[in-house]
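Reading the structure
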Amino acid sequence: QVQAVESGGGLVQAGGSLRLSCTISDATLDDYAMGWFRQAPGKEREGVACIGWSGLSTFYAESVQGRFTISRDNAKNTLYLQMNSLKPEDTAMYYCAARDRPGNCETSVYSYWGQGTQVTVSS
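For clarity, every value in this text was computed on a predicted model and none was experimentally measured. (Residues numbered from 1 in each chain as written. Predicted model: local features only at pLDDT ≥ 70, side-chain atom pairs only at ≥ 80, totals over all residues. Heavy atoms only, no water.)

**A few points about the sheet that holds strand 8 (residues 78-83)**
- Judged by pairing direction, the sheet is antiparallel, and its four strands sit side by side in the order 1-3-8-7 without closing on themselves. At either margin of the open sheet sits one strand with a lone partner, and together these are strand 1 (3-7) and strand 7 (68-73). Going across the sheet, the axis of each strand differs from the next one's by a mean of 15°, ignoring polarity.
- Sheet analysis places strand 1 next to strand 3 (residues 18-25), joined by five bridges and oriented antiparallel. (Pairing = 2+ DSSP bridges. Helix = DSSP H or I, 4+ residues; strand = E, 2+ residues; numbered from the N terminus. Axes fitted to C-alpha atoms, helices over the stretch in contact; angles between N-to-C directions.)

**What about the pairing of strand 5 (residues 46-51)?**
- Of all six residues in strand 5, five are buried, a share of seventy percent or more.
- What sits between strand 4 (residues 33-39) and strand 5 in their antiparallel hairpin is a turn of six residues, with Gly42 showing a positive phi close to 80°.
- Note: strand 5 against strand 6 (residues 58-60), three bridges, orientation antiparallel. Bridge assignment links Ala49 to a residue of strand 6, and that residue is Tyr60.
- The turn linking strand 5 back onto strand 6 is made up of six residues, and Gly55 within it adopts a positive phi angle of 85°. (Buried < 20%, exposed > 50% of the residue type's maximum accessible area, 1.4 Å probe, protein only.)

**Considerations on the pattern of salt bridges**
- Within this structure, the stated rule accounts for three salt bridges.
- With a closest N to O distance of 2.9 Å, Asp90 and Arg38 form a salt bridge. With Asp90 in the loop between strand 8 and strand 9 (92-99) and Arg38 in strand 4, this pair connects stretches of sequence that are 52 residues apart.
- When its relative accessible area of 1% is taken as the criterion, Asp90 is described as buried.
- A salt bridge links Arg67 to Asp90; the shortest N-O distance between them is 2.8 Å. (Salt bridge = Lys/Arg side-chain N within 4 Å of Asp/Glu carboxyl O.)

**Here we look at the side chain of Ser21**
- Looking at the element boundaries, Ser21 is found in strand 3.
- Residue classification places Ser21 among the buried residues on the basis of a relative accessible area of 16%.
- Those residues within four positions of Ser21 in sequence are excluded, and the remaining contacts are Val5, Glu6, Ser7, Trp36, Thr78, Leu79 and Tyr80. (Contact = heavy atoms within 4.5 Å.)

This is the structure in structure tokens:
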């Protein structure tokens, strides 16, 4: 089974930046499309950014377009999310996930999930 571990979360002020990382094990990253998802208290989990197996296709939620960048280094089995110009509304638990079935950035098609890393943006 694919195992994913996220890191890089923390507390930042509005306008600041963070880079999240996700390393997978028991699998080769280039076999999977990957995504970053987030869930704030009282809200549904939502797709933030997703990337195809090769890294050539990407998807971003409208709320983060122009601010976040998803990338992958298949040789290192690592997925990244560069987050710039952070806003308080970006505060959430961020999850890394992998899929091996058709889809784009819908939570329902991602089968393998990390434990999450907390991102808190202060005003």
